[in-house]
Number of protein chains: 2
Amino acid sequence: MDYKKQLEAYFAEVDEKCLLGLSIDCVIFGFSNNQLKVLVLRWKLTNEWGLPGGFVYKNESVDVAAQRILKERTGLSELFLQQFHTFGEEVRYNRAEISQKLNWPDPSTRKWPNRTVSIGYFALVDFLKVTPSVDFQTDEYRWMDVENLPPLLFDHNHIVEVALKTLQVQLSWQPVGYNLLPEKFTMPELQRLYETILNRPLDPRNFSKKMRALGIIERLEEQRRGGAFKSPYLFRFNKEKYKKALKEGSLAFT
Amino acid sequence: MDYKKQLEAYFAEVDEKCLLGLSIDCVIFGFSNNQLKVLVLRWKLTNEWGLPGGFVYKNESVDVAAQRILKERTGLSELFLQQFHTFGEEVRYNRAEISQKLNWPDPSTRKWPNRTVSIGYFALVDFLKVTPSVDFQTDEYRWMDVENLPPLLFDHNHIVEVALKTLQVQLSWQPVGYNLLPEKFTMPELQRLYETILNRPLDPRNFSKKMRALGIIERLEEQRRGGAFKSPYLFRFNKEKYKKALKEGSLAFT
DNA sequence: ACAAAAGTGTTTGCCTTACACCCATGC
DNA sequence: GCATGGGTGTAAGGCAAACACTTTTGT
């Protein structure tokens, strides 16, 4: 079956099984090479990039739909996943342009209304644990630097901006890092993560003091070797305390 | 035309002109008698209360729809109005029960899917400026104490809870009060507002100091007379500085 | 030995908190 | 004159910010 046929079949199935006019877009943040990355996909047979997304089944909550989409894309479940905004502008993007770029079938054959409201979720994932997979609509995935994204499809650049801003605000009263870093990490790595999200430099002495005072990380005996420099200690999050702080939002980081 | 006919006509119009399966619910907060109030409506010919809400026209952004609904209900425009969450649980409430309580027409005649996703907005309004109006579906409106709401229709109690929590969090990094208080207010009134939202007592000396240090209010020469006690000074917000603080989110109140 | 990055402690000032008495007004 | 609520200052402690040198390791 050629791609166009596949697309038609897919849209027919969406029209039948999913809520009409509603979609989900996921901003999947990862952290690698001291940069905050976003997972983006290249659409089949095009050079166009966009965020992973999908539709909500008729008998499925939107939170579960977001989890499902995330799992399909990253292979991971039980992630930190949070709804952050619903995008319902009258005109979010040029539909004709998108249809043309993506070789979409004639919209007049669809039940779909000529407008989509999209619920934005963001996820924080451990870059190393993720094994993104492509589906029939996707040719390739890539982790791109959040500060240096190309023009994306739809209003996805805007969605990423809003997600990033939400993350920055949350950082000041909730811990961040559990799902973004590997299980064991060094203090400088954690600091780079905070610096990257906040987009400003932090003092390593103050950062270390503050982080350790929060009581959500534990220093291990192990040190990491490998560089021509002093071996850094490894830390890990105390999962219980981290979750507690997350739930209570009781953690001030300024 | 009797009410049932009106309802049928209304639903037919909604099905034709509005986005299907999507609604908006508004939590309209006011402040009066030292209590945080929510505007609730009693549905026509019932004893059931619920939040004001409505639907989104096909050619209307969700933000504009929320503004329109608010204006219809309060007569006010240019309010502080903010999207705070989208409620998309698979089963948000018992549909049969609601239909029965509200005397809704047979749902099988509608295009509407058997499930609605609702975008929640909250508004902060000056209790005194509001002149709520009832529409054909409403018999009565009432300002109810947010801490003492009766069981509301749909999942509206839950929606109010989430709105209140959002407001509490926002209070710590954005100013609140501009749209909740009259133009001129006294320091104790502002303090009551903060105490009410945060649900804890505050020290009047510290509160006054902190508020005045934030630089968003101005003390007027005037004092308010009327009680058997020392006349309190009147204050007003400096609109420019208030808006700036709102935009930047740069205001810490702990 | 040298380059690269990690680790660490002290001081300063500010912001937060705790706390209690007198004042103005209307009745 | 008395009851009611409004207005105000100070002292102490904790938190955040500024700041620089030594240590470890690999090459």
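Residues numbered from 1 in each chain as written. Chains lettered and ligands numbered in written order. Predicted model: local features only at pLDDT ≥ 70, side-chain atom pairs only at ≥ 80, totals over all residues. Heavy atoms only, no water.

A. Spatial organisation of the packing of helix 5 (residues 187-198) of chain B against helix 6 (residues 204-214) of chain B. Residue and element names in this part refer to chain B. In contact at an axis separation of 10 Å, helix 5 and helix 6 are set at 100 degrees when each is read in the N-to-C sense. Here helix 5 is positioned roughly perpendicular relative to helix 6, judged by the angle of their axes. Residues Met187, Leu190, Gln191 and Tyr194 of helix 5 form the contact with helix 6, whose participating residues are Pro204, Phe207, Ser208, Met211 and Arg212. Its residues assigned to classes, the contact of helix 5 with helix 6 shows six nonpolar, two polar and one charged. (Axes fitted to C-alpha atoms, helices over the stretch in contact; angles between N-to-C directions. Helix = DSSP H or I, 4+ residues; strand = E, 2+ residues; numbered from the N terminus. Parallel < 35°, antiparallel > 145°, perpendicular 65-115°, else oblique. Contact = heavy atoms within 4.5 Å. Nonpolar A, V, L, I, M, F, W, Y, C, P; charged D, E, K, R; others polar.)

B. Just the sheet that holds strand 10 (residues 233-237) of chain B, in detail. Residue and element names in this part refer to chain B. Strand order in the open sheet formed by three strands is 8-10-9, with antiparallel pairing between adjacent strands. Each edge of the open sheet carries a strand with a single partner, namely strand 8 (185-186) and strand 9 (217-223). The pairing of strand 8 with strand 10 spans two bridges and is classified as antiparallel. Along strand 10, the bridge assignment pairs Phe185 with Phe235. (Pairing = 2+ DSSP bridges.)

C. Broad picture of the interface of chain B and chain A. Contacts between the two partners involve 22 residues from chain B, matched on the other side by 22 residues from chain A. Here chain B meets chain A over a buried area of about 1,600 Å², counting both sides, of which 56% is carbon and sulfur. On the chain B side of the contact with chain A, Gln83, Thr86 and Arg115 of chain B bury the most area, a combined 26% of that side's loss. Linking chain B with chain A are zero salt bridges. Applying the counting rule to chain B against chain A returns 13 residue pairs in polar contact (both at pLDDT 80 or more). (Buried area = accessible area lost by both parts, 1.4 Å probe. Salt bridge = Lys/Arg side-chain N within 4 Å of Asp/Glu carboxyl O. Polar contact = N/O pair within 3.5 Å; in protein donor to acceptor, adjacent residues only side chain to side chain.)

D. A look at the sheet that holds strand 8 (residues 185-186) of chain A. All names here are of chain A. Read from one edge to the other, the open sheet built from three strands follows the order 8-10-9, with strand pairing classed as antiparallel. Edge positions in the sheet fall to strand 8 and strand 9 (217-223), since each has one partner strand and no second. In the sheet, strand 9 pairs with strand 10 (residues 233-237) via four bridges, with the strands oriented antiparallel. Within the sheet, the bridge partner assigned to Ile217 lies in strand 10 and is Phe237.

E. Local environment of the protein's contact with DNA strand D. The local shell around DNA strand D holds 22 residues, among which Gly227 and Lys230 of chain A together with Lys209, Ala228 and Tyr233 of chain B are the closest. Atoms of DNA strand D within 4 Å of the protein belong to the sugar or the phosphate in 43% of instances, the rest to bases. In the environment of DNA strand D, a phosphate oxygen lies 3.5 Å from a nitrogen or oxygen atom belonging to the side chain of Lys210 of chain A. At a separation of 2.6 Å, a base oxygen of DNA strand D approaches a polar backbone atom of Lys230 of chain A. Of all the secondary structure elements, the ones that give two or more residues to the surface near DNA strand D are helix 6 (204-214) of chain A together with helix 5 and helix 6 of chain B. Sort the elements by how many residues they give to the surface near DNA strand D and helix 6 of chain A lands first, with four residues. (Near = heavy atom within 4 Å.)

F. Region of interest: the relation of the copies chain B and chain A. After a rotation of 180 degrees and a shift along the axis of 0.1 Å, chain B superposes on chain A with an RMSD of 0.1 Å. In short, the pair behaves as if placed about a two-fold rotation axis. By residue overlap, the copies meet face to face through one surface: 100% of the interface positions of chain B are interface positions in chain A. (Least-squares fit on C-alpha atoms with pLDDT ≥ 70 in both.)

G. Up close: the pairing of strand 5 (residues 80-87) of chain B. Residues and elements named next belong to chain B. Burial analysis of strand 5 places six of its eight residues in the buried class, which makes it a mostly covered element. Alignment of strand 5 against strand 6 (residues 117-124), held across seven bridges, turns out to be antiparallel. Following the sheet pairing, Leu81 is matched in strand 6 by Ala123. (Buried < 20%, exposed > 50% of the residue type's maximum accessible area, 1.4 Å probe, protein only.)

H. Quick peek at a positive patch on the surface. Residues and elements named next belong to chain A. A cluster of like positive charges, contributed by Lys129, Lys239, Lys243 and Lys247, occupies part of the molecular surface. Within the element layout of this structure, Lys247 appears in helix 7 (residues 239-248). For Lys247, a relative accessible area of 77% translates into the label exposed. (Patch = residues over 30% accessible without salt bridge, like charges linked within 9 Å, V, L, I, M, F, W, Y side chains within 5 Å. Areas by Shrake-Rupley, 256 points an atom, 1.4 Å probe, with all protein chains shown as cover. Lys, Arg positive; Asp, Glu negative; His and termini not counted. Charge placed at Lys NZ, Arg CZ, Asp CG, Glu CD.)

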